[in-house]
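Chain by chain, the residues:
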Amino acid sequence: MTQIPKGANVAVPSQVLQVAVAWQVVPGAPEVDVSALLLDGGGRVRGDTDLVFYNQVDHPSGAVRHLGKSAPGAPGSTAADWLWLDLARVEPGIDRIAVVASADGGAFGQVPALDVRVTDVTGAPVAYFPIGDATTETAFVFGEFYRCAGGWRFRAVGQGYASGLAGLATDFGVVVEAPPPPIPGPGYVTPAPAYGSPAAPSYGFPAAPPAPPVPSYGSPAASAYGSPTVPAAPSAPFAPPSPAAPVAPVADVDPFSSSFRPSVHQGRGKETVRCDPSLPPGWALLEIESYHSISTTIESCDAYGRAEDFLLMAYEDDVRARTVALVPRGRPLTLRVDADTPWTLRVLPLTHARRFDSHIEGLAHDLVVYDGPPGVLDFFHHGESNFTVHHHTPPREPEYDAEDQDMLVNEIGEVRVSAPVSGPGLLRISGDGPWKCAVRR
């Protein structure tokens, strides 16, 4: 692993990389939230979309993605918040990508063993920068990727801000608007959040709980970086903590909230993808992108690598789709992916899926979590091809690799149809146009 001191830099390949801001789990430590800022030649963001974080997880260019946090382990283990970068897809107007974070509920001096690590998609280390001098800072610029001589380099910045994200914003150009004051009057209750599609990407990303205003970021002068004493590098390449053993379902356990380290797989044509053996049994969210392909399909495979069931069949030219796979017990999840052009597959925990209990909208193929009670769902689809909706629920006998599925809808073209739903579960929705789902009251 290439360990670099504060202020130093190292060449990185112009390809897909994963970036982890990592720390040691200790009771009472503040929550660490990582973001990426895409900066122009003046060190400023061009607009709100150049900020990528947990509530806006995908940059419109497809070059940067917030993957989320690895499952927290026992005290003393390592936790991390992950970013995904495809440097080959960064727009020409972007000169730098800053990796920053904020500490919610404390300062970075309370977060032990803080560092930033860069790996390729196979997990092979590219760069490692330990932070040994954090004290009262509540926001941090950990490092930045920047263009140099036709390629890319990574610089270890390590610049903290005791004034938090608002202070960091002054340097980087995102306008922070103060939240509106509460409506006065007796009995005022903060309204419940609205459900449905968020403003950014049309097919929907998870809407995290309301976050404090997130400002823009900028780059402090190089002369401010300094070179403190660097702690020893870890003796082995970084690996996020192994997920906890699956918990037997009980009434109070949310079956849709399991967590694990996200992973990214890339290929072209028909390929077999063998996922991380440490994935816990249960559901995993699959997200795939392909462009200018005649068709894009994902199939699950049995223990011998033979294709079993279609999890996705998409025939649009440009596909950005989500579906679900059931991770088996005792063996890795194996998938068969097929597209005529290059594709990118992300394996994510279900916490990345959108949730709703009243109304939701989307486009083409998506996987959402229905949190409502038994009732009737009204579906509307504007398209020309097949429109299907499957309802997935946890298995009645958890010790077996099985799940319960009901096909709620199977129609063609323009659709206005209602279907009963037995209660909470996953809705795997597939169509070729925009759709809506509303709970009948």
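Before reading further, recall that the structure is shown in the block above.
Overview of the structure. (Residues numbered from 1 in each chain as written. Predicted model: local features only at pLDDT ≥ 70, side-chain atom pairs only at ≥ 80, totals over all residues. Heavy atoms only, no water.)

What about unusual backbone geometry?
Here comes step 1: A positive phi angle is found at Ala113, which is not glycine, with a value near 55 degrees.
Here comes step 2: If you trace the backbone, Ala113 turns up in the loop between strand 7 (96–104) and strand 8 (115–120).
Here comes step 3: One non-glycine residue with positive phi stands out, namely Ala364, at about 60 degrees. (Helix = DSSP H or I, 4+ residues; strand = E, 2+ residues; numbered from the N terminus.)

Looking at the packing of aromatic side chains
Here comes step 1: Enumeration over the complete set of coordinates arrives at seven aromatic pairs.
Here comes step 2: Judged by centre distance (5.6 Å) and plane angle (70 degrees), the ring pair of Phe53 and Tyr54 falls under edge-to-face.
Here comes step 3: Residue Tyr54 is classed as partly exposed on the basis of its relative accessible area of 23%.
Here comes step 4: An aromatic cluster is present here, built from Phe108, Phe140 and Phe142 joined pairwise through their rings.
Here comes step 5: Residue placement shows Arg155 over the ring face of Tyr146; its charged tip is 4.2 Å from the ring centre.
Here comes step 6: For Arg346, the ring lying beneath its charged end belongs to Trp84, and the centroid distance is 4.7 Å. (Phe/Tyr/Trp six-rings, centres within 6.5 Å; stacked < 30°, edge-to-face > 60°. Buried < 20%, exposed > 50% of the residue type's maximum accessible area, 1.4 Å probe, protein only. Lys NZ or Arg CZ within 6 Å of the ring centre and 35° of its normal.)

Concerning a nonpolar patch on the surface
Here comes step 1: A grouping of Phe310, Met313 and Tyr315 is seen on the molecular surface, where their side chains present a nonpolar patch of about 330 Å² in accessible area.
Here comes step 2: Within the secondary structure layout, Tyr315 lies in the loop between strand 15 (307–314) and strand 16 (318–327).
Here comes step 3: Owing to a relative accessible area of 53%, Tyr315 belongs among the exposed residues under this scheme. (Patch = residues over 30% accessible without salt bridge, like charges linked within 9 Å, V, L, I, M, F, W, Y side chains within 5 Å. Areas by Shrake-Rupley, 256 points an atom, 1.4 Å probe, with all protein chains shown as cover. Salt bridge = Lys/Arg side-chain N within 4 Å of Asp/Glu carboxyl O.)

With respect to the side chain of His391
Here comes step 1: Summarising the element assignment, His391 is placed in strand 22 (residues 386–393).
Here comes step 2: Given a relative accessible area of 1%, His391 falls into the buried group.
Here comes step 3: Reaching out from His391, the side chain makes a polar contact with the backbone oxygen of Gly423 at a distance of 3.1 Å.
Here comes step 4: Excluding residues within four positions of it along the chain, His391 makes contact with Asp404, Gln405, Asp406, Leu408, Val421, Ser422, Gly423, Pro424, Gly425, Leu426 and Leu427. (Polar contact = N/O pair within 3.5 Å; in protein donor to acceptor, adjacent residues only side chain to side chain. Contact = heavy atoms within 4.5 Å.)

Some remarks on the nonpolar core
Here comes step 1: One finds Ile97 and Phe145 to be the most contacted residues of the largest nonpolar core, which totals 40 residues.
Here comes step 2: Formed by 22 residues, the second largest nonpolar core is a distinct cluster that contains Leu279, Leu286, Ala314 and Leu335. (Core = buried A, V, L, I, M, F, W, Y, C linked by side-chain atoms within 4.5 Å.)

Topic: the sheet that holds strand 21 (residues 375–381)
Here comes step 1: Here four strands make up an open sheet; going across it, the order is 19-26-21-24 and the pairing antiparallel. Whereas interior strands pair on both sides, the edge strands pair on one side only; in this sheet they are strand 19 (359–363) and strand 24 (415–421). Neighbour-to-neighbour, the strand axes of this sheet turn through a mean angle of 20 degrees, independent of strand direction.
Here comes step 2: For strand 21 and strand 26 (residues 434–439), the ladder comprises five bridges, and the chain directions are antiparallel. Bridging across to strand 26, Phe380 finds its partner in Lys436. (Pairing = 2+ DSSP bridges. Axes fitted to C-alpha atoms, helices over the stretch in contact; angles between N-to-C directions.)

Quick notes on the sheet that holds strand 7
Here comes step 1: Sheet architecture is open: six strands sit in the order 1-11-10-7-3-4, paired in antiparallel fashion. Whereas interior strands pair on both sides, the edge strands pair on one side only; in this sheet they are strand 1 (9–12) and strand 4 (51–52).
Here comes step 2: Where strand 7 meets strand 10 (residues 139–148), seven bridges bridge the pair, whose relative direction is antiparallel. Looking at the pairing, Ser102 lines up with Ala139 of strand 10.

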